[in-house]
Amino acid sequence: MSLPNTNTHILVFPYPAQGHMIALLDLAHQLSLQGITITILITPKNLPILQPLLTKNPLIQTLILPFPSHHPSIPDGVENVKDIGNKGNIGIINALVQLSDPITQWFKSHPDPPIAIISDLFLGSTQQLATQLGIPRIMFSSVGAFLVCVLTYLIQHVHELYPLDEVSFPHLPKSPVITRAHLPSVFLRYREGDPLSETVKDGFIANTSSWGTIFNTFDDVEGVYLESFKKVVVGHERVWAVGPIELLGCSNGPAATDRGGVSSVSAVDVLSWLDQCSDASSVVYVCFGSQVLLTRGQMEALAKGLEESGVQFIIVVKSETFIPEGFEDRVAGRGFVIKGWAPQVSILSHRAVGGFLTHCGWNSVLEGIVAGVMLFAWPMEADQFINARLLVHDMGVAVKVCEGVDTVPDSAELACFLRESMSEKGVEKVRAMELRDKAFGAVKEGGSSMNDLNSLVKELRALSVQKA
Ligand code: UDP
């Protein structure tokens, strides 16, 4: 039976960090294409990140609210985690709680207010806001289901678990035991009695009461953890795994070049450089996401390793990163250095790229899977150790090469590892190609993620009918 044609208006509230925003904006686009009215809440300095989407999809509306007055832990003018690093999350989460009043005013004065809020998992305070407004809140998780199961348990039992050297998760598949250093940063940064920490904790606990949850993941990667999330964390079935979201609606793979920021190099230049690389799958792509700033020592070791390996590579570093003198000249022709923002998805999907040295941020993980490249893991902080564990131990599609945010890798070992891994077709490469096929299968008509997207759209429409 088809539902009557009512306007289904959703407020989408992304968390201001590239790794959180990119997938949610892709999802907003897909929902809009299905006839759902979308308003995206954004603060002024993050508006440029939205611009490519607004150009592509003029039907999407924006609600631009000033960034709330800053807490001393966030420098004046900062509105995005990339400008302050992972440690800035606590301050930014606290600041954004203050948007509840202006959102309520907007909602009450809107002629056709939203019937639901979709907001990031770092915005747990919107749960209470949605309850006050009398509408459901749907949590959007820009990280995987394994991580959310782990994090929720840690936060719910923070007082007992915080002092431990390792934590067991007997209620999760394979009963993982995880050492303290590998636990998510949000948990490690918790300080009992500190009001900022308590707000963060309350937000994650509120997430467990959200009406529904959307994950950027898919069954073949995290099916068992999605089941755990449904049974153990929320206790209901309104959980939709619609990933890899970057692939939804593009049967030939993703095409976007300016996702999350304007590239510092022209995509045409970097792609033509890749075109002239001799063999398929011969180039290693090195990038550590939007937040990591490599130290001088790390960059020296990495540069030396890449130089000695003899492999072809592209490395992306923040514009302020130290580059060893003469490095670019010495590797000219076989190495491409990008300072700033790279068109990552376009690079990864080029046939010349065969390996990805990654910090294992969840988006990079999915983008690497979609590209079918071998993943060389260097988890540093946040969710990255948990993601690396899933890839290396559970799935066998990645090899760990280094770990820790302050660790300086051994350049000779790194060179040897890269040379050998790129010259042979290891079992991880074969598994990576299989997983790539499964990712494409998930987003096809009848695939698990496409089915979940259709079911989500149906549920959202049903909400607006109920409201009417
Ligand atoms: N990204 C990009 N260009 C860059 C660096 C990052 O397009 O130069 C994108 C990358 O493709 C991914 C996101 O930024 O979609 C980073 O998210 P991830 O979860 O991998 O890591 P985080 O930045 O959250 O640590």
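Residues numbered from 1 in each chain as written. Predicted model: local features only at pLDDT ≥ 70, side-chain atom pairs only at ≥ 80, totals over all residues.

## Regarding the overall build of the protein
- Of regular secondary structure, the protein possesses 19 helices and 15 strands.
- Here the C-alpha atoms of the protein give a radius of gyration of 22 Å, agreeing with the 23 Å that 2.2 N^0.38 yields for 468 residues.
- With the principal axes as the frame, the protein shows a C-alpha extent of 65 × 50 × 45 Å.
- Across the 468 residues in the protein, those meeting the buried criterion constitute 48%. (Helix = DSSP H or I, 4+ residues; strand = E, 2+ residues; numbered from the N terminus. Rg over C-alpha atoms; globule rule 2.2 N^0.38 Å. Buried ≥ 20, exposed ≤ 12 C-beta atoms within 10 Å, placed from the backbone.)

## Structural notes on the sheet that holds strand β15 (residues 398-400)
- Strands sit in the order β12-β11-β10-β13-β14-β15 across an open sheet of six strands; the sheet is parallel. Single-partner strands in this sheet number two, and they are β12 (335-339) and β15. Taking each pair of neighbouring strands and ignoring which way they run, the sheet shows an average axis angle of 20°.
- Here strand β13 (residues 353-358) runs beside strand β14 (residues 374-377); their pairing, made up of four bridges, is parallel. Residue pairing in the sheet places G355 in a bridge with M374 of β14. (Pairing = 2+ DSSP bridges. Axes fitted to C-alpha atoms, helices over the stretch in contact; angles between N-to-C directions.)

## Digging into the packing of helix α6 (residues 145-156) against helix α16 (residues 384-395)
- Interhelical geometry of α6 versus α16 gives an angle of 130° and a closest axis separation of 9 Å. Between α6 and α16, the angle is such that the two are oblique. You can see that α6 and α16 cross each other, and the crossing is right-handed. Here F146, L147 and V150 of α6 lie close against α16, whose contacting residues are I386, N387 and L390.
- When its residues are assigned to classes, the contact of α6 with α16 shows five nonpolar, one polar and no charged. (Parallel < 35°, antiparallel > 145°, perpendicular 65-115°, else oblique. Left-handed = near helix turned anticlockwise from the far one by under 90°. Contact = placed C-beta atoms within 7 Å. Nonpolar A, V, L, I, M, F, W, Y, C, P; charged D, E, K, R; others polar.)

## Concerning the sheet that holds strand β5 (residues 137-141)
- Ordered by their spatial adjacency, seven strands build an open sheet running β3-β2-β1-β4-β5-β8-β9, and the pairing between neighbours is parallel. Both edges of this open sheet fall to β3 (61-64) and β9 (239-241), since each of them pairs with a single strand only. Ignoring which end each strand starts from, the neighbouring axes of this sheet average 20° apart.

## Some words on the domain arrangement of the protein
- When its domains are assigned, the protein resolves into domain 1 (9-241) and domain 2 (267-439).
- A C-alpha centroid distance of 28 Å is found between domain 1 and domain 2.
- Listed per partner, the contact involves 21 residues of domain 1 and 18 residues of domain 2.
- Per-element accounting of the side of domain 1 that touches domain 2 gives the leading share, four residues, to helix α1 (residues 18-33).
- Here the residues of the side of domain 1 that touches domain 2 are counted per class, giving 10 nonpolar, nine polar and two charged. (Domains from an automatic or database assignment.)

## Structural notes on the site of the ligand
- In the region of the ligand, 20 residues are neighbours, and G19, G289, S290, G361 and S364 sit closest.
- Mapped onto the shell around the ligand, the elements with two or more residues apiece are α1, α14 (344-348) and α15 (362-371).
- In terms of residue count, α15 provides more of the shell around the ligand than any other element does, four residues in total.
- The residue makeup of the shell around the ligand, split by class, is eight nonpolar, 10 polar and two charged.
- When residues are assigned to domains, the shell around the ligand turns out to be shared by domain 1 (9-241) and domain 2 (267-439), each giving three or more. (Near = placed C-beta within 6 Å.)

## Points about the nonpolar core
- Counting residues in each nonpolar core, the largest one holds 143 residues, and the members touching the most others are V12, Y285, I314 and L375.
- For this core, the element with the most residues is α6, which contributes 10 residues.
- The residues that make up this core include at least three from each of domain 1 (9-241) and domain 2 (267-439).
- Apart from the residues within four sequence positions on either side, Y285 is in contact with I314, I347, L348, V353 and F356. (Core = buried A, V, L, I, M, F, W, Y, C linked by C-beta atoms within 7 Å.)

## Re the packing of helix α3 (residues 89-97) against helix α9 (residues 195-207)
- The N-to-C vectors of α3 and α9 enclose an angle of 75°; their axes lie 9 Å apart at closest approach. As summarised for this structure, α3 and α9 are arranged roughly perpendicular, according to the angle between their axes. Across the interface between the two elements, I90, G91, I93, N94 and V97 of α3 pack against L196, S197, T199, V200 and G203 of α9.
- Here the residues of the contact of α3 with α9 are counted per class, giving five nonpolar, five polar and no charged.

## Comments concerning the pairing of strand β1 (residues 9-13)
- Of all five residues making up β1, four are buried, and the element is well covered by its neighbours.
- Pairing of β1 with strand β2 (residues 37-42), which is carried by four bridges, proceeds in the parallel orientation. Within β2, the position partnered with V12 by the bridge is I40.
- Between the parallel pair β1 and β2, the chain is carried across by α1, and the sense of this crossover is right-handed. (Right-handed = clockwise from strand over helix to strand, strands pointing away.)

## A look at α6
- Here α6 contains 12 residues, and its C-alpha end-to-end distance of 16 Å stays within 8% of the 16 Å for a straight helix at 1.5 Å per residue.
- Counting buried positions along α6 gives 10 out of 12 residues, so the element sits mostly inside the fold.
- Listed as buried for α6 are A145, F146, L147, V148, C149, V150, L151, Y153, L154 and I155. (Expected span 1.5 Å × (residues − 1).)

## So, the environment of W362
- For W362, the position within the fold is in helix α15.
- For the pair W362 and I386, spaced 24 residues apart in sequence, the C-alpha separation works out to 9.8 Å.
- Ignoring any residue separated from it by four or fewer positions in sequence, one finds W362 in contact with G19, S142, V143, G144, D383 and N387.

## Observations regarding unusual backbone geometry
- Here G243 and P244 are connected by a cis peptide whose omega angle stands at -10°.
- With phi around 40°, S175 is a residue other than glycine that occupies positive phi space.
- By the secondary structure assignment, S175 is in the loop between β6 (166-168) and β7 (177-179).
- On the basis of neighbour count, S175 is assigned to the exposed category, with 9 C-beta atoms found within 10 Å.
- The phi dihedral of C360 falls on the positive side, at around 70°, and the residue is not glycine.
- Secondary-structure assignment places C360 in the loop between β13 and α15.

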